[in-house]
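Chain by chain, the residues:
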Amino acid sequence: MGSGSSNQSRRVAVLVVMRTSTVRNRCHGSWSSPCKWAPIRLRKRSPGGPFLRSVRYGRPITESSSPHAVVAFHLEAAGERLKLAEATLDLLRSSEREVQVQLPVERTDGSTSVYTGYRVQHNAARGPFKGGIRFHPDVDLDVVQGLASLMTYKCALVNIPFGGAKGAVRCPAGELDARERGRLARVLTRRLADVIGPERDIPAPDIGTDETTMAHMMDEWSHIVGPTPAVVTGKPLVLGGTYGRRDAVGRGLAQLFSYAADELGVDVEGARIAIQGFGKVGAAAAVAFTRLGCKVVAVSDADTAVLAPGGAFDLIALEEAVARQEPAEALPGDRIARDELLTVPCDVLIPAALGGAIHPGNVADVDCQVILEGANAPVTLSAEQELLERGVRIVPDLLANAGGVIVSYFEWVQNLQHLHWDAGEVDERLGRTMRRAWDELHAAVEHQDGGPRTLREAAYDLGVQRVTQAMALRRAV
Ligand code: NAD
């Protein structure tokens, strides 16, 4: 693990090189940082707007739960609307670099398991590559390609100076103990050391990874190159992490909802929220929406779903479960089948687990007014079409879950400048960034030519346009 083995361990197998080249009205404490959040201001505006109309896609849908297929569909559609040149589209259809690595990990029983790791760097026209690292048994190159390209447009939409990347290790993450996961993070860092770095590509946590994973990656990097906390984000606070990173996606979702609720046609106070996934995103969202005055009526995780007793979980019970990083099972309430969560009657459904959660097999039973996409690509194309025709408003992943990468950006900036912002400052900046992005997105939906656009179509148009402008200015096309 030391620097002596660095040359050998930095060897990277390049698989494909396409171009190498609150209202904080009930705050009873906190779990990852002091409770100093700035109040969320609600904006009044009459509900409605073009994105409330039903929309049929102008191009045929090939149904798939693959995030790559979903993002590719929206890219092609944006390309037609924006009249992009074929060469520009070809660059966006592929990735700047795709790396596949072999990851031998010594198991606690003395055996060795070999896993496959991926890092896909989609586009860096707007800044260094940025994207999470996922440890999960079901990932493959196709999933990582899709999520990397989604990151490119997400960073552009919320206007932070990053390109898009994603990484993953195909492994039985739930079966690995803490030491095995640590060894896996370290061997991954050694294998990716030639392609990541604070000015090149900055990983962060995703499904199956967390602050501890990032601590291992940062430490391993420091043995290879030298101490640089900015090489990863989502680190523990004492290692150069930032306040508010762990709950950034949940906080961002709540801030966005508080700001957009009028236009989405839902009252914030008392809004019934159902959340699929009780991990970093879902659990933080449960706390943030409850602090906002909403009622979290049900949550689920990979093992179970729980209906809140009396119609809403108690904030203290939620905060305690989150502080101890407990599963949904720890919450009081009636147990229902895991996937019934998606059909619980509610005002706002937040899928915050895996992609493709809402699909043709369950969409008819989804009973909500608004979907806030906490997960990436949680709604398949034909399920989305059906929901839009029923008048369900979908706030797309590109904006809805961008709180994570926005606060990662803040962490990176603090690391590079040796600064330390307090929780209130991080939260205030997050709120400002989400508000600006929502205003720009809403304006883009309202001021379009040639027929209605959904929020997702407008989000892709804005994101893709900003990326292609940067590519053109850099003479990449
Ligand atoms: P996590 O590993 O912390 O949590 C995932 C949760 O989903 C767990 O509670 C797990 O039990 C649950 N789950 C898995 N399968 C399920 C199923 N079939 N039904 C119900 N629950 C299920 O991961 P996370 O970081 O919270 O990420 C969740 C989603 O949010 C992912 O799609 C991820 O890409 C996206 N996202 C995460 C971040 C981030 O910063 N962590 C940022 C943006 C988007």
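Above: the structure in question.
Anyway, here's the lowdown on the structure attached to this text.

1. Remarks on the overall build of the protein
Here comes step 1: Assigned secondary structure in the protein consists of 14 helices and 13 strands.
Here comes step 2: Put simply, the protein has 477 residues, and 54% of those count as buried.

2. Considerations on the pairing of strand β3 (residues 112-123)
Here comes step 1: Pairing of strand β2 (residues 97-106) with β3, which is carried by 10 bridges, proceeds in the antiparallel orientation. Along β3, the bridge assignment pairs Glu106 with Thr112.
Here comes step 2: In this structure, the hairpin formed by β2 and β3 is closed by a connection of five residues, where Gly110 is found at a positive phi of approximately 95 degrees.
Here comes step 3: Judged from the seven bridges that link them, β3 and strand β5 (residues 163-170) form a sheet pairing that is antiparallel. Across the sheet, Gln121 pairs through a bridge with Ala165, a residue of β5.

3. Points about the sheet that holds strand β10 (residues 334-336)
Here comes step 1: Read across the sheet, seven strands follow the order β10-β9-β8-β7-β11-β12-β13 without closing on themselves; strand pairing throughout is mixed. Two strands lie at the open edges of the sheet, namely β10 and β13 (393-395), each paired on one side alone. The average undirected angle you get between the axes of adjacent strands in this sheet is 25 degrees.
Here comes step 2: Pairing of strand β7 (residues 272-276) with strand β8 (residues 295-300), which is carried by five bridges, proceeds in the parallel orientation. Bridged to Ala274 within β8 is Ala298.

4. Some details on the site of the ligand
Here comes step 1: Close to the ligand lie 25 residues, the nearest being Gly279, Asp301, Ala302, Ala375 and Gly404.
Here comes step 2: Top contributing element to the shell around the ligand by residue count: helix α8 (residues 280-291), with three residues.
Here comes step 3: Counted by class, the shell around the ligand contains 10 nonpolar, 11 polar and four charged residues.
Here comes step 4: The residues that make up the shell around the ligand include at least three from each of domain 1 (3-21 + 96-239) and domain 2 (32-68 + 243-401 + 416-439 + 452-464).

5. Topic: helix α14 (residues 455-473)
Here comes step 1: Between its terminal C-alpha atoms α14 stretches 27 Å, which fits the 27 Å expected from 19 residues at 1.5 Å a residue.
Here comes step 2: Among the residues of α14, those classed as buried are Leu455, Arg456, Glu457, Ala458, Ala459, Tyr460, Asp461, Leu462, Gly463, Val464, Val467 and Thr468.
Here comes step 3: Looking one or two residues past α14, Arg475 carries a phi angle of roughly 60 degrees, positive in sign.

6. Notes on the pairing of β5
Here comes step 1: Extensive coverage of β5 is indicated by the burial of eight of its eight residues.
Here comes step 2: Of the two faces of β5, the one holding Gly163, Ala165, Gly167 and Val169 and the one holding Gly164, Lys166, Ala168 and Arg170 are both buried throughout.
Here comes step 3: Direction of pairing for strand β4 (residues 129-136) relative to β5: parallel, over a ladder of six bridges. Each bridged residue has a counterpart across the sheet, and for Lys130 the counterpart in β5 is Gly164.
Here comes step 4: What joins β4 to β5 is helix α4 (residues 141-157), and the crossover it makes is right-handed.

7. Thoughts on unusual backbone geometry
Most peptide bonds are trans, and most residues other than glycine sit at a negative phi.
Here comes step 1: Phi is positive for Gln325, close to 50 degrees, though the residue is something other than glycine.
Here comes step 2: Within the secondary structure, Gln325 sits in the loop between α9 (315-323) and β10.
Here comes step 3: By C-beta crowding, Gln325 is classed as partly exposed, having 14 other C-beta atoms within 10 Å.
Here comes step 4: One non-glycine residue, His418, lies in positive phi territory at about 55 degrees.
Here comes step 5: Topologically, His418 is positioned in the loop between α12 (403-417) and α13 (423-446).

8. Topic: the environment of Ala317
Here comes step 1: Mapping Ala317 onto the fold places it in helix α9.
Here comes step 2: A tally of 17 C-beta atoms within 10 Å means that Ala317 is categorised as partly exposed.
Here comes step 3: Placed 30 residues apart in sequence, Ala317 and Val287 show a C-alpha to C-alpha distance of 9.5 Å.

9. Some words on the nonpolar core
Here comes step 1: In terms of nonpolar packing, the biggest core is built from 146 residues, with Ile273, Ala285, Val348 and Leu399 touching the most fellow members.
Here comes step 2: Contacts of Ile273, omitting those with residues within four sequence positions, involve Phe289, Cys294, Lys295, Val296, Val297, Cys346, Val348 and Ile350.

10. Focus on helix α7 (residues 248-264)
Here comes step 1: Of all bends in α7, the biggest is about 45 degrees, found at Ser258.
Here comes step 2: The element α7 is extensively covered by neighbouring structure, given that 16 of its 17 residues are classed as buried.
Here comes step 3: Gly265 sits one or two positions beyond α7 and adopts a positive phi of about 80 degrees.

11. Here's the deal with the packing of helix α2 (residues 67-82) against α4
Here comes step 1: Two numbers describe how α2 lies on α4: the axes approach to 7 Å, and their chain directions differ by 40 degrees. Compared by their axis directions, α2 and α4 come out oblique. For the pair α2 and α4, the crossing hand works out as left-handed. When α2 is examined against α4, the residues Pro67, His68, Val70 and Val71 are found in contact with a partner set consisting of Asp142, Val143, Gln145, Gly146, Leu147, Ser149 and Leu150.

12. As for the environment of Leu256
Here comes step 1: Note on placement: Leu256 falls in helix α7.
Here comes step 2: A C-alpha to C-alpha distance of 8.8 Å links Leu256 and Leu399, two positions 143 residues apart in sequence.
Here comes step 3: When sequence neighbours within four positions are dropped, the list of residues in contact with Leu256 reads Val395, Leu399, Ala400, Met434 and Trp438.

13. A look at the packing of α7 against α13
Here comes step 1: One can describe the packing of α7 onto α13 by two numbers: an axis separation of 9 Å at closest approach and a directional angle of 45 degrees. Put simply, α7 runs oblique to α13. Handedness of the crossing formed by α7 with α13: right-handed. Between α7, through Ala248, Arg251, Gly252, Gln255, Leu256, Tyr259, Ala260 and Glu263, and α13, the contact on the second element is made entirely by Asp427, Leu430, Gly431, Met434, Arg435, Trp438 and His442.
Here comes step 2: Looking at the contact of α7 with α13 residue by residue, the classes come out as seven nonpolar, four polar and four charged.

14. What to know about the environment of Leu150
Here comes step 1: Tracing the chain through its elements places Leu150 in helix α4.
Here comes step 2: Classification of Leu150 as buried rests on a count of 29 C-beta atoms within 10 Å.
Here comes step 3: Sequence separation between Leu150 and Gly463 is 313 residues, and the spatial gap between their C-alpha atoms is 9.6 Å.
Here comes step 4: Beyond its immediate sequence surroundings of up to four residues, Leu150 is in contact with Pro67, Val71, Gly164, Asn376, Ala377, Asp397 and Leu398.

The rules behind these values
Residues numbered from 1 in each chain as written. Predicted model: local features only at pLDDT ≥ 70, side-chain atom pairs only at ≥ 80, totals over all residues. Helix = DSSP H or I, 4+ residues; strand = E, 2+ residues; numbered from the N terminus. Buried ≥ 20, exposed ≤ 12 C-beta atoms within 10 Å, placed from the backbone. Pairing = 2+ DSSP bridges. Axes fitted to C-alpha atoms, helices over the stretch in contact; angles between N-to-C directions. Near = placed C-beta within 6 Å. Nonpolar A, V, L, I, M, F, W, Y, C, P; charged D, E, K, R; others polar. Domains from an automatic or database assignment. Expected span 1.5 Å × (residues − 1). Right-handed = clockwise from strand over helix to strand, strands pointing away. Core = buried A, V, L, I, M, F, W, Y, C linked by C-beta atoms within 7 Å. Contact = placed C-beta atoms within 7 Å. Bend = angle between axes of the 7 residues up to and from the residue. Parallel < 35°, antiparallel > 145°, perpendicular 65-115°, else oblique. Left-handed = near helix turned anticlockwise from the far one by under 90°.

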